[in-house]
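Coordinate inspection notes
Here are the chains, one letter per residue:
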Amino acid sequence: MKKYKHIFFDLDRTLWDFEKNSSEALSEIFCEFKLEEKSIPSSEEFISVYQKINDEMWDDYRNGHISKKVLRSERYDKTLQYFGVENQELAERIGCHYIAESPKKTHLFPFAHETLSYLKEKYSLHIITNGFEEVQHIKLLHSNLMQYFTEVITSEQAGYKKPAKEIFEFALQKANAKPSESLMIGDDLQVDILPAKAMGMRQVYFNPEKQNHSEKIDFVICSLDELTEIL
Ligand SMILES: [Mg+2]
């Protein structure tokens, strides 16, 4: 007997390899904008400083402390400032370049296509993502992922960001799914897994780095192809 009808996936760091794609786009930026000539020592250092600043600012954005506009305009300004470069205009150009180019990157986690092809035959698949509407759709299109999903719910469209219960309610309603017949798959315990559990959905924690945790979760996988054994 089939227990589930609907499977909801997170996108970034669950299917779409955010770190790899982002690093590739940032390395290109380092060369194209000749940042070495601005006394930024290496693309590795540029990327690592940017990622730290971006992660902190994303937390602020998720918690509603800063707007999308501030997140987008200040993360590069702060990164350049860290290296002693005061150039808001350059930061702006880099920001625009990153937004335009990084979503076109196509690195996915291993077995993403194989697993989604298998699951699509048996379940309705959907996305719940905190990314920006226009950016997330470009990622799905360029990575050829659109074909698998019935509903793509972004936080911008829902008006709420994960872990808010409202975005899960919105997604379930849009997919016409009951929590009891739904499963959420994601890489973030606080953002994807625990709120899904609170909604009465079953959960699969995608934990490729095998991070320690003490939560009680229905399934934990470290590779996407393990889903074909569970589902
Ligand atoms: Mg994620």
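Residues numbered from 1 in each chain as written. Predicted model: local features only at pLDDT ≥ 70, side-chain atom pairs only at ≥ 80, totals over all residues.

1. A word on the packing of helix α1 (residues 18-32) against helix α2 (residues 43-62)
One can describe the packing of α1 onto α2 by two numbers: an axis separation of 9 Å at closest approach and a directional angle of 125°. As the angle between them shows, α1 and α2 are arranged oblique. In this structure, α1 crosses over α2, and the sense of that crossing is right-handed. Facing Ser 23, Leu 26, Ser 27 and Phe 30 of α1, the residues of α2 in contact are Ser 43, Phe 46, Ile 47 and Tyr 50. For the contact of α1 with α2, the class distribution of residues is five nonpolar, three polar and no charged. (Axes fitted to C-alpha atoms, helices over the stretch in contact; angles between N-to-C directions. Helix = DSSP H or I, 4+ residues; strand = E, 2+ residues; numbered from the N terminus. Parallel < 35°, antiparallel > 145°, perpendicular 65-115°, else oblique. Left-handed = near helix turned anticlockwise from the far one by under 90°. Contact = placed C-beta atoms within 7 Å. Nonpolar A, V, L, I, M, F, W, Y, C, P; charged D, E, K, R; others polar.)

2. Topic: the pairing of strand β5 (residues 202-206)
With respect to burial, β5 is a largely interior element, five of its five residues being buried. Taking every second residue as pointing to the same face, both faces of β5 are buried, with Arg 202, Val 204 and Phe 206 on one and Gln 203 and Tyr 205 on the other. Pairing geometry for strand β4 (residues 182-186) and β5, over four bridges, is parallel. Note on β5: the bridge partner recorded for Met 184 is Gln 203. As paired elements, β5 and strand β6 (residues 219-221) share three bridges and run parallel to each other. Considered in β6, the bridge of Phe 206 is made with Ile 221. (Buried ≥ 20, exposed ≤ 12 C-beta atoms within 10 Å, placed from the backbone. Pairing = 2+ DSSP bridges.)

3. Regarding the nonpolar core
Within the largest apolar cluster, 36 residues are counted, with the highest numbers of intra-cluster contacts made by Phe 8, Phe 9, Ala 171 and Ile 185. Of all the secondary-structure elements, those providing two or more residues to this core are β1 (6-9), α5 (112-120), β2 (124-129), β3 (149-154), α8 (165-175), β4, α9 (189-198) and β5. The element best represented in this core is α8, accounting for five residues. Residues contacting Ala 171, with those up to four places away along its chain left out, are Phe 8, His 126, Ile 128, Glu 151 and Ile 153. Formed by 14 residues, the second largest nonpolar core is a distinct cluster that contains Ala 25, Phe 46, Ile 47 and Tyr 76. (Core = buried A, V, L, I, M, F, W, Y, C linked by C-beta atoms within 7 Å.)

4. Considerations on the domain arrangement of the protein chain
Accessible area lost during the coming together of the parts is what is often quoted as the interface size. Domain boundaries assigned for the protein chain yield domain 1 (6-17 + 108-230) and domain 2 (18-104). Here the C-alpha centre of domain 2 lies 27 Å away from the C-alpha centre of domain 1. Contacts between domain 1 and domain 2 engage 11 residues on the former and nine residues on the latter. A per-class count over the side of domain 1 that touches domain 2 returns four nonpolar, two polar and five charged. (Domains from an automatic or database assignment.)

5. Remarks on the packing of α2 against helix α3 (residues 68-82)
Two elements in contact, α2 and α3, have axes separated by 9 Å at closest approach and are oriented at 150°. The angle between the axes of α2 and α3 places the two elements in the roughly antiparallel class. Pair α2 / α3 crosses with right-handed handedness. Of α3, the residues touching α2 (which contributes Val 49, Tyr 50, Ile 53, Asn 54, Met 57 and Tyr 61) are Lys 68, Leu 71, Glu 74, Arg 75, Lys 78, Thr 79 and Tyr 82. Taken together, the residues of the contact of α2 with α3 break down into seven nonpolar, two polar and four charged.

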